[in-house]
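Given next are the chains, with one letter for each unit.
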Amino acid sequence: MTVTTKGALGELFDESLYSTINRFYIAEAWLLDERKLRAWLDLFTEEMVYYMPRRKNVNRKELAREIPERGTDLPFFEDNRKLMEVRIQRLESGTAWAEEPPSRTRHLFGNLVIEKVEDDGTVHAKTAFICHRSHGETTTALYSGYRVDILHPVDGSWKISDRTVVLDANVILDKNIAIFF
Amino acid sequence: MKTKKYDVLNTETGRLDPTIYSDEEIYKEEMEKIFGRAWLLIGHESLIEKPGDFFHTYMGEQPVILSRDKTGAINAMLNICRHRGARVVRTDDGSCKSFVCPYHAWTYGLDGKLEWVPGEEELYDGTIDRAEMGLKKARVATYAGLIFATWDHDAPSLEDYLGDARWYLDLEFNRSAKGTKAFGPHKWVIPINWKTAVDNCSDWYHVPYSHASAANALTRIMGAPRMTSDVLWKKKGRAAFVNGHQVCFFRLPDDSFDGNPYGMDSTEENHAEAIERLGELRGDGVMLGTHSLFPNTVLGFRIVIPRGPNETEFWHFSHTNAADTPEKQREVALEHAAQNGAGGHFESDDIDNWNQVSQSGKYAGAREIGQYINMGIGNTTTDDVFPGQLSDRFVSEQNHRFFYSRWQEFMNADSWDDIPLDPMKANFEGTASMDG
Ligand code: FES
Ligand SMILES: [Fe+2]
């Protein structure tokens, strides 16, 4: 049986599931902001995908093509575990100049909605976020967006197998997307 | 040449005046003398495949609609309404029958002709000359699917403008009769002067250090070829320069990064076609590396759009060989994006360097000490086979010097009459042409 919640409206609402997922995301935010990137990557499964599509400027009647379908377009990220490993090792090297010295980030993840729970405990969840990046002396960038995750219960916690990050931006107002969400 | 206002590069010492990166007046003059005259890359035919398709782009700072009209012809038009200047198109792309200005609904055809004006009789008493009031159009030309436009009706043909640089560009854009396909673009705003991203296209000197973190991680984890100085500085390829365009090319098989038996091609079949279209040497013996087209096309299919002396919008398209399977095309496109897109692990590490090079022009001390692009002075040669001005080794700053000399030629010219073009001498073996 698949229990489908109605998300924010709360029908079939499972308080304890909601709270454990929420705490998971709070812990994740601290990992990112405390620059524990390897521990952060360990929140993902081996088969993970970290996906960030483009977001096009289209008319309201054409909103169906605002976010191009996965597999058809040129996303900002469509990284598997190996590519993410490249990114993390790169940052750890001390010569990844985009993040050297590293940014000061603050991720606020909220508005959690659990969209679906599958029989095997797989959870489909979405969150909204605001993230502020401060880099070097005075460079700042403000990101907002939402994330759609597929999470699996593993060893008493959760692992993400699929993350979609959608930014609330068309032209990105940051010199590089060298931080994670 | 009446004026010789600019003298920013000492070609004997390689000293460059950094004022060119930060000065407001110079920037304004560039918009007119460079971006108002040159052929500018504005898109790709695969972005507007069908009649009615449009794609919003820029020529320098200016917003431009790129459209395919009912006859299949390609149009580039200033996206500024002839009535009061509102932007007619406000989406990234789409498909339509006509362009209706959101302000007062003046309506333009896909070819820019003014087709309808509300109240033409009732309010204007029939005084509007619709034939005269179409959207401002640019001259358009294509090369192997790439779409270029210029505002200057005195500009030479695109073929002459590209000149022998096309001998090299064909290596990437003209391998297949199917042409190339464009994916994207990523769009992001970076705090640099546009020229720093362009001159960087010939800068292999920075790669072993600037990009060490990405290259080393890719080697360790993905088995990617090493990009260290002992590898790069021994490459048999050269830097070449034609008409303002910069090319770095490799020789195959010696310079091969990955040992692919088909060089730049993914299959034997594609490779055979490339040899037929480009000849044996180009199809099999040379690989295009980083390159840029004057003024603002960089490294493959990327455009730097100036937005101020120290602000530039970067567009990253990935382009792939349309003869490849859709899966292969996407794999290639994603790889380009992972390396050089907005989150690219190579590209990301360039930005602060370019930012600081650009900013240096603001400081008296930096203007006093100048910048130096003096590597390989005196080492430029020419060759019967490889067109253009050639560096005598792969890593060199000759193209930086030629780029700023070209910049100066445009900035000191009163018109296209004052801007020299290299004569075309290259041997274009094979069947590939301007038209693909
Ligand atoms: S500004 Fe376009 S119709 Fe008036
Ligand atoms: Fe670089």
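Residues numbered from 1 in each chain as written. Chains lettered and ligands numbered in written order. Predicted model: local features only at pLDDT ≥ 70, side-chain atom pairs only at ≥ 80, totals over all residues. Heavy atoms only, no water.

So, the overall build of chain B
How we decide: Secondary structure follows DSSP: runs of H or I at least 4 residues long count as helices, runs of E at least 2 residues long count as strands, and numbering of each begins at the N terminus. Values of the radius of gyration come from C-alpha atoms, whereas the globule rule sets the reference at 2.2 Å times the count of residues to the power 0.38. Exposed residues in this analysis have more than 50% of their type's maximum accessible area, buried residues have under 20%, and partly exposed residues fall in between, with area computed by a 1.4 Å probe over protein chains only. Note on areas: Shrake-Rupley with a 1.4 Å probe; residue coverage comes only from the protein chains shown.
Counting its regular elements, chain B contains 13 helices and 22 strands. At 22 Å, chain B has a C-alpha radius of gyration in line with the 22 Å of a compact globule built from 436 residues. Along the first, second and third principal axes, the C-alpha set of chain B runs to 75 × 55 × 40 Å. Within chain B, buried positions represent 60% of all 436 residues. For chain B, the accessible surface area stands at approximately 17300 Å², while carbon and sulfur atoms represent 49% of it.

Some thoughts on the pairing of strand β15 (residues 245-251) of chain B
Residues and elements named next belong to chain B. Going by this rule: Being paired, for any two strands, means DSSP has found at least two bridges between them.
Most of β15 is tucked away: six of the seven residues are buried. The sheet contact formed by strand β14 (residues 238-242) and β15 spans five bridges and is antiparallel. Within the sheet, the bridge partner assigned to Val242 lies in β15 and is His245. The hairpin turn running from β14 into β15, its antiparallel successor, is two residues long, and Asn243 in that turn takes a positive phi close to 50 degrees.

Let's talk about the nonpolar core
Let me state the cut-off plainly: Only buried residues count toward a nonpolar core. Its members are Ala, Val, Leu, Ile, Met, Phe, Trp, Tyr and Cys residues joined through side-chain atoms within 4.5 Å. Where each domain begins and ends follows an automated or database-derived domain assignment.
In this structure, Trp40(A), Tyr50(A), Tyr143(A), Ile177(A), Phe181(A) and Tyr143(B) are the most contacted members of the largest nonpolar core, which totals 114 residues. Sorting elements by how many residues they give to this core places helix α1 (residues 15-33) of chain A first, with seven residues. Counting contributing residues, this core receives three or more from each of domain 1 (40-141) and domain 2 (160-418) of chain B.

A few points about the packing of helix α2 (residues 24-33) of chain B against helix α13 (residues 398-412) of chain B
Residues and elements named next belong to chain B. Short version of the rule: Where helices are involved, their axes are fitted lines through C-alpha atoms of the stretch in contact, as for all axes, and angles between N-to-C directions lie from 0 to 180°. We call two directions roughly parallel when the angle between them is under 35 degrees, roughly antiparallel when it is over 145, roughly perpendicular when it lies between 65 and 115, and oblique otherwise. Here, two residues are considered to be in contact whenever any of their heavy atoms come within 4.5 Å of each other. Think of it as three bins: nonpolar holds Ala, Val, Leu, Ile, Met, Phe, Trp, Tyr, Cys and Pro, charged holds Asp, Glu, Lys and Arg, and polar takes everything else, Gly as well.
Contact pair α2 / α13: the axes reach a minimum separation of 9 Å and the direction vectors enclose 80 degrees. Relative to α13, the element α2 lies roughly perpendicular. Residues Ile26, Glu29, Glu30 and Lys33 of α2 pack against Trp407, Phe410 and Met411 of α13. Across the contact of α2 with α13, the residue classes tally to four nonpolar, no polar and three charged.

Quick notes on the coordination of the iron ion (ligand 2)
All names here are of chain B. Stated formally: Any nitrogen, oxygen or sulfur atom within 2.8 Å of a metal ion counts as a donor, with the limit raised to 3.2 Å for Na, K and Ca, and since water is left out, coordination shells can look unfinished. The rule is simple: four donors are tetrahedral if all their angles sit between 85 and 135 degrees, four are square planar and six octahedral if opposite donors span more than 155 degrees and the others lie between 65 and 115, and anything that fits none of that is irregular.
Every protein donor of the iron ion (ligand 2) is listed here as His206 (NE2), His211 (NE2), Asp350 (OD) and Asp350 (OD), and their distances to the metal cover 2.1 to 2.3 Å. Taken together, the four donor atoms coordinating the iron ion (ligand 2) and their angles of 58 to 148 degrees define a geometry best described as irregular. All donor residues of the iron ion (ligand 2) come from one chain, and their arrangement in sequence is H-x4-H-x138-D. Taken together, the positions of His211 in the loop between α6 (207-210) and α7 (212-222) and Asp350 in the loop between α10 (326-340) and α11 (351-359) put the pair 139 residues apart, joining distant regions of the chain. Both residues of the pair, His211 and Asp350, count as buried.

What to know about the pattern of salt bridges
All names here are of chain B. Worth spelling out the cut-off: Only one rule defines a salt bridge in this text: a Lys or Arg side-chain nitrogen within 4 Å of an Asp or Glu carboxyl oxygen.
Tallying each qualifying case throughout the model produces 42 salt bridges over all chains. For Arg130, the salt bridge is made with Glu120, and the minimal N-O distance between the two is 2.9 Å. In this pair, Arg130 sits in the loop between β10 (114-116) and β11 (139-143) while Glu120 sits in the loop between β10 and β11, placing the two residues ten residues apart along the sequence. Judged by relative accessible area, which is 33%, Arg130 ranks as partly exposed. Taking the shortest distance from any N to any O, the salt bridge between Glu409 and Arg406 comes out at 2.8 Å. Of the two residues, Glu409 and Arg406 are both situated in helix α13; the distance of three residues between them amounts to about one turn of the helix. Taking relative accessible area as the criterion, Glu409 reaches 28% and is therefore assigned partly exposed. Its relative accessible area of 4% is what places Arg406 among the buried residues.

Remarks on the domain arrangement of chain B
Residue and element names in this part refer to chain B. To keep things clear, this is the line we draw: We define buried area as the total accessible area lost by two parts upon association, computed with a 1.4 Å probe and summed across both. By the criterion applied in these results, polar contacts are pairs of N or O atoms within 3.5 Å in which, for protein atoms, one can donate a hydrogen and the other can accept it, and in which residues neighboring in sequence qualify only through two side-chain atoms.
You can read the domains of chain B as domain 1 (40-141) and domain 2 (160-418). Using only C-alpha atoms to locate each centre, domain 1 and domain 2 end up separated by 33 Å. Taken together, the 14 residues of domain 1 in the interface contact 17 residues of domain 2. Considering only the surface of domain 1 that becomes buried against domain 2, Leu41, His44 and Tyr58 emerge as the three largest contributors, covering 41% of it. Remark: the boundary between domain 1 and domain 2 carries one salt bridge. Note that Lys187 is salt-bridged to Asp92, the shortest N-O span being 3.7 Å. Taken together, the connections running from domain 1 to domain 2 amount to two residue pairs in polar contact (both at pLDDT 80 or more). Broken down by secondary-structure element, the contributors of at least two residues to the side of domain 1 that touches domain 2 are β3 (40-44) and β4 (53-59). With five residues, the single largest contributor to the side of domain 1 that touches domain 2 is β3. Taken together, the residues of the side of domain 1 that touches domain 2 break down into six nonpolar, six polar and two charged.

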